[in-house]
Amino acid sequence: MYSNIRFKDMKLIAGILTLTAIIMLLLSFTFQNGGPKPKKVYKDTIYRFKTKPVVVQNEHQSEQKPSAVKPAPAVPKPKAPIAPAIAEEDRVISITSNIKKFVVKKSLQKMYVYFADTFKVFKISLGFNPVGHKSKQGDGKTPEGSYKITLKNPNSRGYRSLKISYPNENDRANARSQGVDPGGDIFIHGLWWETQDPKNHWKDNWTKGCIAVNNEQIEEIFNHCNVETEITIAP
């Protein structure tokens, strides 16, 4: 009995030792070959083509067309020279009908003569002391205000002349308030002396208060002016 138990124990111990030896053998074999090897990672074998970046066109952009050859730039045509501006008093125009009114601008030394649907401009000479309104006899000023032509004289000292209705009631009242003589004999007339230059006489204000043009001009004005024609004289 005792011997059977002992035999079994020895058999168990032998089995354990055998199993231990096998394990030790396996472990020894593993470490001799460098230990456990890492898991092999396989590369992707699919060949990937290199593609060009895709250009996304704007939905409003039309298909690109081959650019046309640009034409050579046009050679600009030479500009025609600009004619110098003509002064209004140098316009070639003649009075062809009755004068409707006169407008004198003393500061410009110009007289605008209106007829039909247009006007003609004359350069004029004024009184020798032209600035300001005439208020008394001998002050050398050309009056300012609204007047009329009251007389046509074909044989005056200034070749032809048109009398202006100065002084009017306001001029007389103003002179009385100052105790002076308002003066008078204000005309549109031609030149007084043969030595005067018809083209340049206006460069000198040489009258005693009248409005002067040259003889050719007063002839044209005289022939188309009637008594009662209005004349406005501005500063």
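Residues numbered from 1 in each chain as written. Predicted model: local features only at pLDDT ≥ 70, side-chain atom pairs only at ≥ 80, totals over all residues. Heavy atoms only, no water.

### A look at the packing of aromatic side chains
Okay, step 1: Taken as a whole and assessed by the stated rule, the structure comprises six aromatic pairs.
Okay, step 2: Here W192 and W193 contribute two aromatic rings whose centre-to-centre distance is 5.8 Å and whose plane-to-plane angle is 80 degrees, an arrangement assigned as edge-to-face.
Okay, step 3: Given the relative accessible area of 22%, W192 is considered partly exposed.
Okay, step 4: Residue W193 is classed as partly exposed on the basis of its relative accessible area, which comes to 42%. (Phe/Tyr/Trp six-rings, centres within 6.5 Å; stacked < 30°, edge-to-face > 60°. Buried < 20%, exposed > 50% of the residue type's maximum accessible area, 1.4 Å probe, protein only.)

### Quick notes on the pattern of salt bridges
Okay, step 1: In this structure the tally under the stated criterion is nine salt bridges.
Okay, step 2: Note that E228 and K148 form a salt bridge whose closest N and O atoms lie 3.5 Å from each other. Here E228 is found in the loop between α3 (215-223) and β8 (230-234), whereas its partner K148 is found in strand β4 (residues 145-153), with 80 residues between them in sequence.
Okay, step 3: By relative accessible area, which is 49% here, E228 ends up partly exposed. (Salt bridge = Lys/Arg side-chain N within 4 Å of Asp/Glu carboxyl O. Helix = DSSP H or I, 4+ residues; strand = E, 2+ residues; numbered from the N terminus.)

### Considering the side chain of H201
Okay, step 1: Among the structural elements, H201 can be located in the loop between β6 (187-189) and β7 (211-212).
Okay, step 2: Given the relative accessible area of 6%, H201 is considered buried.
Okay, step 3: Not counting chain neighbours up to four residues away, the residues in contact with H201 comprise K123, S125, L191, W206, A212, V213 and N214. (Contact = heavy atoms within 4.5 Å.)

Scope: geometric values only; no functional claims are made or implied.
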